[in-house]
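Residue-level listing of the chains:
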Amino acid sequence: MVDEFFSVGWGKLLLIVVFLQSCQQSLQSKSLNDLEKIEANLRNKASEQLAAGGMDPLAKMRALCLTRGATGIHGLGRAFRNMDDDGSKALNEEEFTKGVKEFGLDISKEEIKQLFRSFDEDGSGSINMTEFLLKLRPPMSQQRIAVINQAFAKMDKTGDGVITLADLKNVYSAREHPKFKSGEKTEDEILTEFLHTFEGGRGNGDGQVTKEEFTNYYASISASIDSDEYFEVMMKKAYVLQ
């Protein structure tokens, strides 16, 4: 039986790439190069949009997050959640402003106020940050959402809505990874690197990937890919989907 394994791309992107062992050498180089190009295109496209100007505050915030790569939106969400002491998943205007500033987004006070007012539809003085982040996420077609859901379902072996190291061990083997073969890293360390992919540099390293984190990550990647068909092929190749 042909074993599956994955290789984690270097740099901030660190996207997981899954290959059939029999195709290892021929696919590995091309796929890593493709993913590096996707990340570069994501950043460049967002920077070009910002340079062109004329964006509404929400589109501007989205573009600023995407200039940080595929984990930019997730990073902003984490900044917001760090201030949610009571677990209400709601932010007042002061907290919202502080989160945006602490994350380092170049948005004016007036633009922040516009954003907050547009989401505080009932005038309660607070906004639901989950709903806000869902709207901040780049829009996707149902075709793209479906293949992302398919990939997550494959990884979430236990079906509890969270991908953990135990889930990965039931799906993939990292024994063909160059760093495992060289003795540089254990199989657990290599698999854990995949889990950290979705957190970015400011992640908490809790070793768990929720469906929200997974979807936000690939929604950002999706923003740099014009073709639904290409995005679907990329996902199916990366996760060995039918």
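For every chain, the first residue of the written sequence is number 1, and numbering continues from 1 along that sequence. Restriction of local features to residues with pLDDT of at least 70 applies here, the model being predicted, together with a cutoff of 80 or more for giving and counting side-chain atom pairs; totals for whole chains, interfaces and linings are based on all residues. Computation of side-chain values: all heavy atoms of the structure, hydrogens and water removed.

Caption draft 1: Representation of the overall build of the protein within the structure. Helix and strand counts for the protein stand at 12 helices and six strands. For each residue, the accessible area found with a 1.4 Å probe, counting protein chains only, is set against the maximum for its type, and the residue is called buried under 20%, exposed over 50%, and partly exposed in between. Taken across its 242 residues, the protein has 46% of its residues classed as buried. Put simply, of all contacts in the protein between residues at least 6 apart along the chain, 62% involve residues at least 24 apart. A run of H or I in DSSP counts as a helix once it spans at least four residues, and a run of E counts as a strand once it spans at least two, with each numbered from the N terminus. Residue contacts are defined here by distance: any two heavy atoms, one from each residue, within 4.5 Å place the two residues in contact.

Caption draft 2: Up close: the UniProt feature "domain: EF-hand" (unreviewed entry) in the protein. UniProt positions are given in the numbering used here, feature names are shortened, and annotations may be inferred rather than shown by experiment. Taken from the UniProt record, the annotation "domain: EF-hand" (unreviewed entry) applies to residues 71–106, 107–142 and 143–178. Helix and strand shares over residues 107–142 are 56% and 8% respectively, and the end C-alpha atoms of the span are 31 Å apart. The annotated region residues 143–178 carries 53% helix and 6% strand content, and the separation between its end C-alpha atoms amounts to 34 Å.

Caption draft 3: Region of the structure containing the packing of aromatic side chains. A pair of aromatic rings is counted whenever rings of Phe, Tyr or Trp (Trp by its six-membered ring) have centres within 6.5 Å, and the orientation is called stacked for planes under 30 degrees apart, edge-to-face for over 60 and tilted otherwise. Considering all chains together, one arrives at 10 aromatic pairs under this definition. Arranged with centres 5.2 Å apart and planes meeting at 90°, the rings of F96 and F132 form a pair that is edge-to-face. Here F96, found in helix 4 (residues 93–102), pairs with F132, found in helix 6 (residues 129–136); they are 36 residues apart in sequence, far enough to count as distant. A residue is classified by how much of its surface remains accessible, and F96, at 0% relative accessible area, is buried. Classification of F132 as buried rests on a relative accessible area of 0%. These aromatic residues form a ring-pair network of at least three members: F80, F96, F116, F119 and F132. In this analysis the charged atom, NZ for Lys or CZ for Arg, is taken to sit over a ring once it is within 6 Å of the ring centre and within 35 degrees of the ring normal. Positioned above the aromatic ring of F103 is the side chain of R68, whose terminal nitrogen or guanidinium carbon lies 4.2 Å from the ring centre.

Caption draft 4: Quick look at the packing of helix 3 (residues 72–81) against helix 6. In contact at an axis separation of 11 Å, helix 3 and helix 6 are set at 165° when each is read in the N-to-C sense. In terms of axis orientation, helix 3 runs roughly antiparallel to helix 6. For the pair helix 3 and helix 6, the crossing hand works out as right-handed. Packed against helix 3, whose contacting residues are I73, L76, G77, F80 and R81, the element helix 6 presents M129, T130, F132, L133 and L136 at the interface. Classifying every residue of the contact of helix 3 with helix 6 gives seven nonpolar, two polar and one charged. A fitted line through C-alpha atoms represents every axis, and for helices the fit uses only the stretch in contact; the resulting angles, taken between N-to-C directions, go from 0 to 180 degrees. Angle categories are assigned with fixed cut-offs, so that under 35 degrees is roughly parallel, over 145 is roughly antiparallel, 65 to 115 is roughly perpendicular, and the rest are oblique. We call a crossing left-handed when the near helix sits turned anticlockwise from the far one by less than a right angle, and right-handed when that turn is clockwise. In this classification, the charged set is Asp, Glu, Lys and Arg, the nonpolar set is Ala, Val, Leu, Ile, Met, Phe, Trp, Tyr, Cys and Pro, and all remaining amino acids, among them Gly, are polar.

Caption draft 5: View of the confidence of the model for the protein. Summary of the metric used: pLDDT quantifies the predictor's per-residue confidence within the range 0 to 100. Per-residue confidence for the protein gives a mean pLDDT of 78; residues scoring 70 or more make up 81%. When the criterion is pLDDT under 50, residues 1–32 qualifies, and its contacts beyond four places in sequence or with other chains add up to 83 contacts.

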